[in-house]
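# Residue-level structure breakdown
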Amino acid sequence: MFRYLPFLLVLALWIYAFIDCLNTPEEQVRGLPKVVWVIIILLFGEVLVGPIAWLVAGKHRGPAPNGSTPSEWHRNHRTAFVAPDDNPEFLRSLKEENKKDEALLKEWEADLRRREEELRRRERGEGPAAD
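Anyway, here's the lowdown on the structure attached to this text. For clarity, every value in this text was computed on a predicted model and none was experimentally measured. (Residues numbered from 1 in each chain as written. Predicted model: local features only at pLDDT ≥ 70, side-chain atom pairs only at ≥ 80, totals over all residues. Heavy atoms only, no water.)

## Here we look at helix 1 (residues 5–23)
Just so we agree on the cut-off: Helix and strand assignments come from DSSP, with helices taken as H or I runs of at least 4 residues and strands as E runs of at least 2, each series counted from the N terminus. One less than the residue count of a helix, multiplied by 1.5 Å, gives the span that helix is expected to have. For this analysis, residues touch if any pair of their heavy atoms sits within 4.5 Å.
The first and last C-alpha atoms of helix 1 sit 27 Å apart over 19 residues, in line with the 27 Å expected at 1.5 Å per residue. Summarising the contacts, the buried residues of helix 1 are in contact with helix 2 (34–43) and helix 3 (49–58).

Structure follows, in structure tokens:
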């Protein structure tokens with residue numbers, strides 16, 4: 001059991017650094033672009049160089065440059081979720097799809113009636129047999 005502990009600790013640190021890097025706003029990343037930090041963490045995660053480098057030098061620790069904490073930054077930059085039944089644009093799109101479906105259904109019904117009538121005529125021998 002304890003022989004797996006170092007592996008699990010390395011894996012936990014690697015996952016923590018990776019998620020922390022992805023969730024960090026671009027303004028708080030130091031030294032390199034965020035994409036480069038993600039690549040460093042992924043490539044050098046097994047030897048702990050990437051995750052430790054990120055935790056030591058990659059992220060500006062403390063208040064954000066604009067004065068807000070990271071949680072405030074995420075709260076301010078979150079898009080508001082609107083339930084589908086409260087979203088007028090979504091409801092409008094459903095009505096438009098419903099109208100299209102109804103028109104298609106009417107076309108199919110008319111085609112079916114035409115084919116049935118054609119079959120009845122053929123059975124009575126009234127019209128030319130069309131394929």
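Structure shown, so let's carry the discussion forward.
## Some details on the packing of aromatic side chains
Basically, it comes down to this: Aromatic pairs are defined between Phe, Tyr and Trp rings, using the six-membered ring for Trp, whenever the two ring centres lie within 6.5 Å; interplanar angles under 30 degrees are classed as stacked, those over 60 as edge-to-face, and all others as tilted. Accessibility here uses a 1.4 Å probe with only protein chains present; expressed as a share of the type maximum, an area under 20% marks a residue as buried, one over 50% as exposed, and anything in between as partly exposed.
Scanning the model with the defined rule gives two aromatic pairs in all. With 6.2 Å between their ring centres and 10° between their planes, Trp-14 and Phe-18 make a pair best called stacked. Residue Trp-14 and its partner Phe-18 are located together in helix 1, separated by four residues, close to a single helical turn. Relative accessible area serves as the criterion here: at 24%, Phe-18 is assigned to the partly exposed category. Here the aromatic rings of Trp-37 and Trp-54 are separated by 5.6 Å at their centres, their planes lie at 65°, and the arrangement is edge-to-face. Taken together, the positions of Trp-37 in helix 2 and Trp-54 in helix 3 put the pair 17 residues apart, joining distant regions of the chain. The class for Trp-37 is buried, based on a relative accessible area of 6%. Residue classification places Trp-54 among the buried positions, given a relative accessible area of 0%.

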